[in-house]
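Breakdown of the fold
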Amino acid sequence: MQSDMKTPLLAGSSSDASKPLLRCPGGPVIGIIGSGDFSRSLAIRLVACGFRVVVGSRDPNRIPRGMFPDGVELRSQREAADGAERVVFVAVYPEHYYTLVGLRELLAGKVLVDVSNATRLKSGEQSHAERLAELFPESRVVKGFNVISAWALQAGAYDGSRQVLVCSDCSHSKALVLQLARCLGFSPVDLGGLCGSRDIEEAPLILFPSWGGPILAMFLLFLFFYGYSFVRHILLPYLDQGENNFHQLPLVTVNETLPAVALVTLALVYLPGLVAAVLQLGRGTKYKRFPGWLDRWLCRRKQLGLLSFLCTLLHAVYSMCLTLRRAAGYTLLNAAYQQVKAGVEKSWVESQVWRSDLYLSCGILGFGVLSLLAVTSLPSVGNALSWREFTFVQSGLGYVALTLSIMHTLFFGWDFAFFPGAYPYYLPPVYLLALILPCVVLVGRLLLALPCLTSRLAKIRRGWESERHRPPNNQPGSNEADPPQNFGDV
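Calculation criteria
Residues numbered from 1 in each chain as written. Predicted model: local features only at pLDDT ≥ 70, side-chain atom pairs only at ≥ 80, totals over all residues. Heavy atoms only, no water. Helix = DSSP H or I, 4+ residues; strand = E, 2+ residues; numbered from the N terminus. Buried < 20%, exposed > 50% of the residue type's maximum accessible area, 1.4 Å probe, protein only. Axes fitted to C-alpha atoms, helices over the stretch in contact; angles between N-to-C directions. Parallel < 35°, antiparallel > 145°, perpendicular 65-115°, else oblique. Left-handed = near helix turned anticlockwise from the far one by under 90°. Contact = heavy atoms within 4.5 Å. Nonpolar A, V, L, I, M, F, W, Y, C, P; charged D, E, K, R; others polar. Pairing = 2+ DSSP bridges. Disulfide = S-S within 2.5 Å.

**Some thoughts on unusual backbone geometry**
Of note in this structure, Phe208 is not a glycine but carries a positive phi near 50 degrees. Considering the arrangement of structural elements, one finds Phe208 in the loop between α7 (197-202) and α8 (212-241). Its relative accessible area of 54% is what places Phe208 among the exposed residues. The backbone phi angle of Tyr426 is positive, close to 60 degrees, even though this residue is not glycine. Within the element layout of this structure, Tyr426 appears in the loop between α15 (387-413) and α16 (430-448). Assessed through its relative accessible area of 79%, Tyr426 is described here as exposed.

In structure tokens form, the structure reads like this:
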């Protein structure tokens, strides 16, 4: 079978619209109306990939020489519209579309690729591509290439990692633009009819769409733990005893907050998986959809894990900087003076030595494993792993990191939680609050590791269903054999 990439693009009748592009010096001419930065970058990409290009400008004489690469013809808008054989990119601002109405006859039957973006989200207005389709009813409008920046167009001839979102009401024209995107080295995505153009136009305006929820969760956690530490260690002692500890706000309080946020955020990475497993066990089937909030939570675990790693990294840096504070020097001198004054020659406390060494060791190991999780979450690294390897790292080692983090916190707290002095103003320490959710997640994971639950969950995920979800048997007397009730019967 002849390759689609070798079949020429005909510039004639509409019946040839489904034929792909031909990249050769004598091939079809692609037109670009507009001479701005995007037009120049697109022309560079098209010429580099073997296409002939004609650019239309309102005043070609005012464009400096050398702005466009050799091989690009710079003409008026009318000449460019007439010279383009099949595809014309409309690279002008939407408010100037009405100036192109005089080209309606020249553009009739041609594919107009609208590359404009929306100016604001959820405006409820008609999309630019739909308005262009109304202005040029005899042309075939395709929305696409708007999510690609001018820099990305010049980044290289084969940057296949970038997606091009495409939609149109004409399937042949859309197929043509999809293949043109492939020829330029991009990854085209078909998003259906032109009614989806509004979403495509708004796509470049959305800032980190998958990070909003995780960042908000981390910010709220930081606000809670920081405010709790402020009230417990600074505000209440000041109001009750006049003790001034406000110097702790920039460093000590932040360093007490960061590990709590990191630990709870890491627990939030693995909590939705436990909730999903409990739902499947309770339902007795995997063929019921999870609630929408759980689906979104499951899709945000990578972002939560990276944010947990960020807080852990900051905690490590802050902890190393604690000894550099002026207050640390004063505290050490005061402790030494009090020891000399009390006549204590040896201040060695065996339990404190074990406590510090154990919690530091667990913290370092946990940070190392969490770093491995962060590295393998990168696409360039994760794509080099098999699914089983990736699951082992992200799930198996993830619980190792969670366990080490809990041990780090427990060794830090030691047995202080059992002393009444650890609860000033009846408020528990921050680390006790931070341990609640991670311990719940770890205990839940251990319960799901029981053989009775593990085997049942494995059967459900392989297609087994409980009795209440099985289809009824055939009526008595039927000559047909009873269908298998689950995959285990096949």
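What follows continues from the structure just given.
**Notes on the packing of helix α9 (residues 252-283) against α16**
Taken N-terminus to C-terminus, the directions of α9 and α16 make an angle of 30 degrees; their axes are 8 Å apart at the nearest point. Between α9 and α16, the interaxial angle falls into the category roughly parallel. The interaxial crossing formed by α9 with α16 has left-handed handedness. Touching Glu256, Ala260, Leu263, Val264, Ala267, Leu268, Tyr270, Leu271, Leu274, Ala277 and Leu281 of α9 are Val430, Ala434, Leu435, Leu437, Pro438, Val441, Gly444, Arg445 and Leu448, all from α16. A breakdown of the residues in the contact of α9 with α16 according to their chemical character gives 17 nonpolar, one polar and two charged.

**Remarks on the sheet that holds strand β8 (residues 187-190)**
A sheet is described by the order of its strands in space; here eight strands give the open sequence β3-β2-β1-β4-β5-β6-β7-β8, paired in mixed fashion. Because the sheet does not close on itself, it has two edges, and the strands there are β3 (72-76) and β8. The mean inter-strand angle of the sheet, taken between neighbouring strand axes irrespective of direction, is 30 degrees.

**Digging into the state of the cysteines**
A disulfide bridge is the covalent bond that connects two cysteines by way of their sulfur atoms. Enumeration over the complete set of coordinates arrives at zero disulfides. This cysteine, Cys49, is not joined by any disulfide, and Cys183 carries the nearest cysteine sulfur, 7.9 Å off. Using a relative accessible area of 7% as the deciding quantity, one classes Cys49 as buried.

**Looking at the packing of helix α10 (residues 292-299) against helix α11 (residues 301-321)**
Viewed as axis vectors pointing N to C, α10 and α11 meet at an angle of 50 degrees, and their least axial separation amounts to 5 Å. Our classification of the angle between α10 and α11 gives oblique. Here Trp297, Leu298 and Cys299 of α10 come into contact with α11, specifically with Arg301, Gln303 and Leu304. Among the residues making up the contact of α10 with α11, the classes are represented as four nonpolar, one polar and one charged.

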